Amino acid sequence: MIDFLKDIKSMTLEELIGDFASMGLKKYKAEQTFKWISKNVKSFDDMSDLSKDLRSILKQKYKIISAKILKRLESKDGTKKFIFELEDGAIIESVLMKYKFGYSVCASTQVGCKMRCKFCANSNLTFSRNLYASEILSQVQEISSNEGVTVSNITLMGVGEPFDNYENVIKFIKIATSQKGMSIGMRRISISTCGICDKIIRFADEKISATLSVSLHSVDDSIRSSIMPINKAFGVEELKKACRYYNKVSNKRISFEYIMLNGINDSKKDAKNLSLFLKDLISHVNLIPANNVKYNGLSATSTERIYVFANWLMSFGVNVTIRRTLGPDIDASCGQLRAKFLSGENYECSFKDR
Ligand code: SAH
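Residues numbered from 1 in each chain as written. Predicted model: local features only at pLDDT ≥ 70, side-chain atom pairs only at ≥ 80, totals over all residues. Heavy atoms only, no water.

What follows is about the pairing of strand E10 (residues 189-193). In terms of burial, E10 is largely enclosed, as five of its five residues are buried. On E10, burial covers both faces: Ile189, Ile191 and Thr193 on one face and Ser190 and Ser192 on the other are all buried. Pairing of strand E9 (residues 151-156) with E10, which is carried by three bridges, proceeds in the parallel orientation. Note on E10: the bridge partner recorded for threonine 155 is serine 190. Once the chain exits E9 it traverses helix H5 (residues 166-177) before rejoining the sheet at E10, and the crossover so formed is right-handed. In terms of strand pairing, E10 meets strand E11 (residues 211-215) through four bridges, oriented parallel. Paired with serine 190 across the bridge in E11 is threonine 211. Handedness of the β-α-β unit built from E10, helix H6 (residues 197-206) and E11 comes out right-handed. (Buried < 20%, exposed > 50% of the residue type's maximum accessible area, 1.4 Å probe, protein only. Helix = DSSP H or I, 4+ residues; strand = E, 2+ residues; numbered from the N terminus. Pairing = 2+ DSSP bridges. Right-handed = clockwise from strand over helix to strand, strands pointing away.)

What follows is the structure, encoded as structure tokens:
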């Protein structure tokens, strides 16, 4: 059967108002419907303040996409990880973290990833498709409903490259931040890219004040290309130009992610070169303890050495923090659980399953 129903959760309020107007329906009805969608209703019949007639019109034209939680794992530190099944059977994952400021969801933007970063557990999993805005939203909504918490922050740092799914991701940001819907603060959304430069420029021009993170990991072209194939398409110099453009147009700083890899990017010279790269950028560096990178001949820098590296950076005038690792016992970082799930590997039984 051909599915001709429109994915209503992937529509911005403006698009919905436009659609409603073309059916002779008033703007406030579009607003009511949009509000219901933002509350994670599963069926038009649950929209109790809409007339029966309107509900039946909506059912003929739209469908409500959702995501089903297949598995929930809880870490000792309270971080929770969710495996979702989408309507076509695709498997994705997201993480819920609790911070002092509130709850944050780390959401996926693609099923798999094309970027093949050497240190990432997803690099061996094939890319199958982009997520729709509705599927990115559903991760946040389902987690929020399932856990009974209000999510205040969203990071697009799960599986996938957000700028390789640009339109859907921008749509997601517009829908999630709508005052008439979920009303997430724009500055409370972070988007992380491996460095797709034309999209960094386009993003700057969108004038969307979400926070931008760039996964840098090295400022040496040969090292960066060896761990991040995207660097062969957009080298370090081009990346710097795009970042400078972003700083200038948005007037916002960039958070540079830097995964610490033993003997690869953690020498004093690497720290010096990083500081030179950052010289005329408005930036902040987040050092990430490498997670499970034993395959591919890589190993993690020791904690002591990460502190030494951070001190070198500080002495070179760099604004730096070290990322706290949440949920390592449930592989809550970087796609590892999904990778395990798909390979059929067993979980340890101490995890709290649903
Ligand atoms: N594609 C985007 C977002 C997904 S990865 C990006 O590249 O930014 C999210 C972050 O996790 C990135 O900074 C990525 O480099 C980092 N990461 C991936 N694998 C990791 C690992 N094994 N240990 C620590 N960080 C990792």
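With 100 residues, the main nonpolar core has Phe119, Phe203, Phe256, Val285 and Leu287 as its most contacted residues. No other element matches the seven residues that H5 contributes to this core. The residues that make up this core include at least three from each of domain 1 (6-63) and domain 2 (68-353). (Core = buried A, V, L, I, M, F, W, Y, C linked by side-chain atoms within 4.5 Å. Domains from an automatic or database assignment.)

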